[in-house]
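Structure at a glance
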Amino acid sequence: MTKVLVIYAHPETKTYSTTDKFYQQFIGAYREEHPEDEIIEHNVSEYMPFPLNKIAVSIYNKALVNQELNPDEARFQDARQKWVDEFIDADKYVFVNPMYNLFIPSEMKSYLDMIMQIPDTFHYTKEGTMAGMLHDKKAIHLQTAGGDYHGSTGAPDMSQLDLGHQYIGAILHVMGVDDFTGVYAEGMDHDPANAPEIMADAFQRAEDAARAF
Ligand SMILES: Cc1cc2nc3c(=O)[nH]c(=O)nc-3n(C[C@H](O)[C@H](O)[C@H](O)COP(=O)(O)O)c2cc1C
C-alpha cells in the first residue's frame, strides 16, 4: 500500500485559512484518485516534539566522537527515531504551508531538521559529498502566499524570492528525492478583488496535481 505523509504547517486558527482550503482541495481529489492509499497527516505547527534544541545538538556532537548518550538524550533519540522511520517508510510526501517572510513556517524547518539524520536519510561519501539514502519517492509542495512569486496571476517571475520551496527542494535532493514539484495559491492579498478567481484557478491546479501525483 502506498503511504502518503503530509507535513502541514499552519496554526489551527479559528479564522478562514486559505492554506487549509487549498490543501482540502488537493487531498480530496487525491483520496478520490487513490482510495487505497494510507494518508498520514502531521500539523507540525501544533505538535513538533523534537526541535533542534540543546539535547538534539548534544546527540549530534556525541555521534561525531562516538560518545555515549545520557538517559535524557537516549530517550529523546529513541522517540525521535520513530518520526525519522515514518519519513523513510513513506512513498510520497506532501508539504503544505503559507509563505511566512519568504520562507516556510519555522516548525516546518524544525521538522526538516529532525529528519536530516545520518545515516538514515543521507550520509557523507569518502569524498565528503552528501548522498541521499531515500529512493523512488516523490514529493509535492502546496504553498499559499499573499504575493505572486511564480507568475500564477500573470505577474513577473519572482520565484528566486521563494526561499521555502527552494529549501525544501534542496533538503529533499540531499536525501535522494528529486521528483519534487510545487503548486501555488498566490496573489490573493495583493489583488483581493480577484481573490475568488485566483483561488478557483489554484483549486483547479491543486486538483489536477493531486490526480497526477
Ligand atoms: C507572519 C506572516 C508573514 C507573511 N509573509 C509573507 C511573505 O513573505 N510573502 C507573501 O507573499 N505573503 C506573506 N504572508 C501572507 C500569507 O502567506 C498569505 O496570506 C497566506 O495565504 C495565508 O494563509 P492562511 O489564510 O492559510 O493563513 C505572510 C503572512 C503572515 C501571517
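Quick caveat: nothing in here was measured; it's all calculated off a predicted structure.

1. A look at the UniProt feature "binding site: FMN" (unreviewed entry) in the protein
Per the UniProt record, "binding site: FMN" (unreviewed entry) is found at M99, Y100, N101, L102, T144, A145, G146 and G147. Considering the C-alpha atoms alone, the annotated residues occupy 49 residues of sequence yet fold into one spot, their largest mutual distance being 12.1 Å. Note that A145 resides in strand β6 (residues 138–145). According to the relative accessible area criterion, A145 is buried, its value standing at 4%. In contact with A145, other than residues within four places in its own chain, are M99, A185, E186, G187 and M188.

2. Side note on the pattern of salt bridges
Scanning all chains against the criterion turns up 8 salt bridges. Linking D72 and R75 is a salt bridge whose minimum nitrogen-to-oxygen distance equals 2.5 Å. Of the two residues, D72 and R75 are both situated in helix α3 (residues 71–89); the distance of 3 residues between them amounts to about one turn of the helix. Residue classification places R75 among the exposed positions, given a relative accessible area of 54%. Taking the shortest distance from any N to any O, the salt bridge between D201 and R205 comes out at 3.1 Å. Taken together, the residues span about one helical turn, with D201 and R205 both in helix α6 (residues 195–212) at a distance of 4 residues. Owing to a relative accessible area of 37%, D201 belongs among the partly exposed residues under this scheme. Of the residues examined, R205 reaches a relative accessible area of 27% and is grouped as partly exposed.

3. Here we look at the environment of F103
Within the fold, F103 resides in the loop between β3 (92–98) and α4 (106–115). Relative accessible area serves as the criterion here: at 24%, F103 is assigned to the partly exposed category. Sequence spacing of F103 and L163 is 60 residues, and the spatial spacing of their C-alpha atoms is 5.3 Å. Contacts of F103, omitting those with residues within four sequence positions, involve N97, P98, K109, L163, G164 and Y167.

4. Digging into the site of the ligand
By nearness alone, 16 residues border the ligand, and H10, S17, T19, G147 and D189 come closest of all. T144 is positioned with one of its side-chain polar atoms (N or O) 3.3 Å from an oxygen atom of the ligand. Separating an oxygen atom of the ligand from a side-chain N or O atom of D189 is a distance of 2.7 Å. In the complex, the protein chains occlude 69% of the 640 Å² of accessible area that the ligand would expose alone. Elements that contribute at least two residues to the shell around the ligand include exactly α1 (18–33) and β6. Each residue belonging to the shell around the ligand can be placed in one class, and the counts come to 7 nonpolar, 8 polar and 1 charged.

Reading the values: the criteria
- Residues numbered from 1 in each chain as written.
- Predicted model: local features only at pLDDT ≥ 70, side-chain atom pairs only at ≥ 80, totals over all residues.
- Heavy atoms only, no water.
- UniProt positions renumbered as here; feature names shortened; annotations may be inferred.
- Helix = DSSP H or I, 4+ residues; strand = E, 2+ residues; numbered from the N terminus.
- Buried < 20%, exposed > 50% of the residue type's maximum accessible area, 1.4 Å probe, protein only.
- Contact = heavy atoms within 4.5 Å.
- Salt bridge = Lys/Arg side-chain N within 4 Å of Asp/Glu carboxyl O.
- Near = heavy atom within 4 Å.
- Polar contact = N/O pair within 3.5 Å; in protein donor to acceptor, adjacent residues only side chain to side chain.
- Areas by Shrake-Rupley, 256 points an atom, 1.4 Å probe, with all protein chains shown as cover.
- Nonpolar A, V, L, I, M, F, W, Y, C, P; charged D, E, K, R; others polar.

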